[in-house]
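# Observations on the three-dimensional arrangement
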Amino acid sequence: MLSLRALWRRHRRKILVATGVLGSGYILYKLYDAHKRRLTDLERQLASERQNDEFIKAQMQIHFENIQRISDTTTLPHAMHYLSCRIADDLDLSQPTDRLMKGKGQPNSLSSSEKLELWNQLKILSFTRMVVSIWAVTMLSLYIRVQVNILGRHLYIDTARGLGSSHLLEDADLIDRDDQQKFLASADFLANYGLPKLISDMQTAATEVLKAKQFRDFFNTTVLHQTIMQILDMFLTMGSPHHWVESLMPEDPRLYKLATTSSSDKTNPAEFTKFDQLMVETREVLSSAEFGSVVEVSLKAVVSALVEEKGFQSGGGNLTSGMPLARLLPRIAQICPSLVDEPSKNKFIQIIQSAPEVGLFFTLLYANMSTS
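For the structure given in this document, a descriptive report is provided here. Bear in mind the structure is a predicted one, so any value in this text is a computation, not a measurement.

A count of helical and extended segments in the protein gives 14 helices and two strands. Across the protein, every contact between residues at least 6 apart in sequence was considered, and the portion connecting residues at least 24 apart equals 80%. With an accessible surface of roughly 20,900 Å², the protein has 56% of that area assigned to carbon and sulfur atoms.

Dropping the structure here:
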């Protein structure tokens, strides 16, 4: 016992130092071990989140492809069929054509001024029908893709809630079936309500561009391409920016509901529905600079493909070598229906959909990146 006390007295400082070092080492080890476990847990959590995010992205891609398939096989075919019927009815070329044919068989039935008037009418109507068809097939195919991408993302967010995913699902409101159907049915607005104004504006633009074109003027592929683009450009610059949106969809619901809310009832404004939200999002996309660029690319692609059509390039004389405007008009009449043919047979819709700029735009739109 005495020897232990003596040992303690002689080596107390060394023992205390050694004990302190050992204790500190143990504490540091425990801290390191706890930190290592936390890092391991964090890495495991991050790996799990990455795996979940990859799963979300994969599901999103599958859903995106399904939405595109719905657009291509259901929504667009219905809308295109209805639109083609309306264009054929509202821009019927048969009346001036029949009168000219009758006058050809009965030379004295029409005066020179009447013949000239009928030819001018046929010229304006033929080009108007062509540019209206170009515009309609381009804008309707793009508009419906905007619709289904916006709706598809909302529906995906609704259904993905159960996956416990991340920030993509914050503040998402469910869309009921009635709002879905009402939103998709708005694709028929152009055929039901917007077409008369579109035709009127296009006819005004065509009349202005074609007023200096004589029936003996020589048209080749380049001249026809330039003429069509001039009409489209004039139409685009006729009114306020994005004035053409009004022919594609109803007026902005925010303005309508603001106008219908009385000054005495400002505390209870008209209800802003999920359908209204979808329409507002669609209008914002259509009014964006990026969408305007996609429209420009698509129109140029359609016009370039159109002037190379067999109907223009085959038979007696063709656009490559050139032909008088008078001989070009019947070919325009023959080719116009192909512009608004059903999507499965419509090469122009396929050209629009296969454009890289169009694909990139809709990929970004579905991912909810900024398009404005």
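This part is about helix α6 (residues 221-236). Between its first and last C-alpha, α6 extends 23 Å over 16 residues, near the 22 Å set by a 1.5 Å rise per residue. Of all the residues in α6, the buried ones are T221, L224, T227, I228, M229, I231, L232 and F235. The N-cap of α6, judged by a side-chain oxygen 3.1 Å from the amide nitrogen of T222 a few residues on, is N220.

One can find K123 in helix α3 (residues 112-160). The charged side chain of K123 is buried without a salt bridge, its nearest counter-charge being D217 at 7.7 Å. A polar side-chain atom of K123 sits 3.1 Å from the main-chain carbonyl oxygen of L210.

The relative placement of two aromatic rings is captured by the distance of their centres and the angle of their planes. Summed over all chains, the structure comprises eight aromatic pairs. With a centroid separation of 5.3 Å and 40° between ring planes, the pair formed by F189 and Y193 is classed as tilted. A residue pair is termed a helical-turn pair when its members lie 3 or 4 positions apart in one helix, as F189 and Y193 do in helix α5 (residues 189-210) at four residues. The buried category is assigned to F189, whose relative accessible area is 15%. Aromatic ring contacts, followed pair by pair, group W135, F235, W244, F291, F361 and F362 into a single cluster. Stacked on the ring of F215, the Lys or Arg K123 has its end atom at 5.3 Å from the ring centre. Taking the ring centre of F348 as reference, the NZ or CZ of K347 above it sits at 6.0 Å.

What counts and how
- Residues numbered from 1 in each chain as written.
- Predicted model: local features only at pLDDT ≥ 70, side-chain atom pairs only at ≥ 80, totals over all residues.
- Heavy atoms only, no water.
- Helix = DSSP H or I, 4+ residues; strand = E, 2+ residues; numbered from the N terminus.
- Contact = heavy atoms within 4.5 Å.
- Areas by Shrake-Rupley, 256 points an atom, 1.4 Å probe, with all protein chains shown as cover.
- Expected span 1.5 Å × (residues − 1).
- Buried < 20%, exposed > 50% of the residue type's maximum accessible area, 1.4 Å probe, protein only.
- Polar contact = N/O pair within 3.5 Å; in protein donor to acceptor, adjacent residues only side chain to side chain.
- Lys, Arg positive; Asp, Glu negative; His and termini not counted.
- Salt bridge = Lys/Arg side-chain N within 4 Å of Asp/Glu carboxyl O.
- Phe/Tyr/Trp six-rings, centres within 6.5 Å; stacked < 30°, edge-to-face > 60°.
- Lys NZ or Arg CZ within 6 Å of the ring centre and 35° of its normal.

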